[in-house]
Amino acid sequence: MSVPRRRRRLPDEVRAAIVRAVLCLAFTLVGVVVATLASYAGSWLMTPALMAMGLGVFGTMWCLLEILISRQVAAQRMRAPNSASPMAGSRAAPEPLAARRLPRPGQGTRQPRVPTA
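Quick caveat: nothing in here was measured; it's all calculated off a predicted structure.

Student: Please clarify how the overall build of the chain should be interpreted in this entry.
Tutor: Of regular secondary structure, the chain possesses 2 helices and 0 strands. Out of the 117 residues in the chain, the part that is buried amounts to 14%. Accessible surface computed for the chain: about 10,700 Å², of which carbon and sulfur atoms make up 65%.

Now the structure itself:
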């Protein structure tokens, strides 16, 4: 039997961005409900509710973009080559081609000649 691995906790800035996005989405949904009910009732509240809904949609998209960016920044920080985290860096990262030395003409993989008697 295998023991399921525990998921790592999200970094604080990512969790804060997710909370802001959820709050902004809730604000937008409240605006949608108020605008819908105000349009059924023919109330003057429809105009402010539509403006609040538009701002909420813009804010929600902004928060979702912030989540994506903060996740990328946190992932880059975890993979940083000089970070203090023991999980940092890739274990099986191949050496880049530019870092490899090219063999010189006299240093190929030829076998040395053995003198024959």
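Student: Please clarify how the packing of helix 1 (residues 12-41) against helix 2 (residues 46-78) should be interpreted in this entry.
Tutor: Helix-helix packing is characterised by the crossing angle of the two axes and by the distance between the axes. Contact geometry of helix 1 with helix 2 gives a least axis separation of 8 Å together with a crossing angle of 165°. Put simply, helix 1 runs roughly antiparallel to helix 2. When you trace helix 1 past helix 2, the crossing you get is left-handed. A per-class count over the contact of helix 1 with helix 2 returns 20 nonpolar, 7 polar and 5 charged.

Student: Any chance you could explain helix 1 here in plain terms?
Tutor: Helical periodicity: at 3.6 residues per turn, an α-helix aligns residues three or four positions apart in one direction. With 30 residues, helix 1 should cover 44 Å at 1.5 Å per step; its first-to-last C-alpha distance of 44 Å lies within 8% of that length. The complete set of buried residues in helix 1 reads Val14, Ala17, Ala21, Cys24, Thr28, Gly31, Ala35 and Ala38. Contacts from the buried residues of helix 1 go to helix 2. Among the residues trailing helix 1, Gly42 stands out with phi positive, at a value near 70°.

About the criteria used
- Residues numbered from 1 in each chain as written.
- Predicted model: local features only at pLDDT ≥ 70, side-chain atom pairs only at ≥ 80, totals over all residues.
- Heavy atoms only, no water.
- Helix = DSSP H or I, 4+ residues; strand = E, 2+ residues; numbered from the N terminus.
- Buried < 20%, exposed > 50% of the residue type's maximum accessible area, 1.4 Å probe, protein only.
- Areas by Shrake-Rupley, 256 points an atom, 1.4 Å probe, with all protein chains shown as cover.
- Axes fitted to C-alpha atoms, helices over the stretch in contact; angles between N-to-C directions.
- Parallel < 35°, antiparallel > 145°, perpendicular 65-115°, else oblique.
- Left-handed = near helix turned anticlockwise from the far one by under 90°.
- Nonpolar A, V, L, I, M, F, W, Y, C, P; charged D, E, K, R; others polar.
- Expected span 1.5 Å × (residues − 1).
- Contact = heavy atoms within 4.5 Å.

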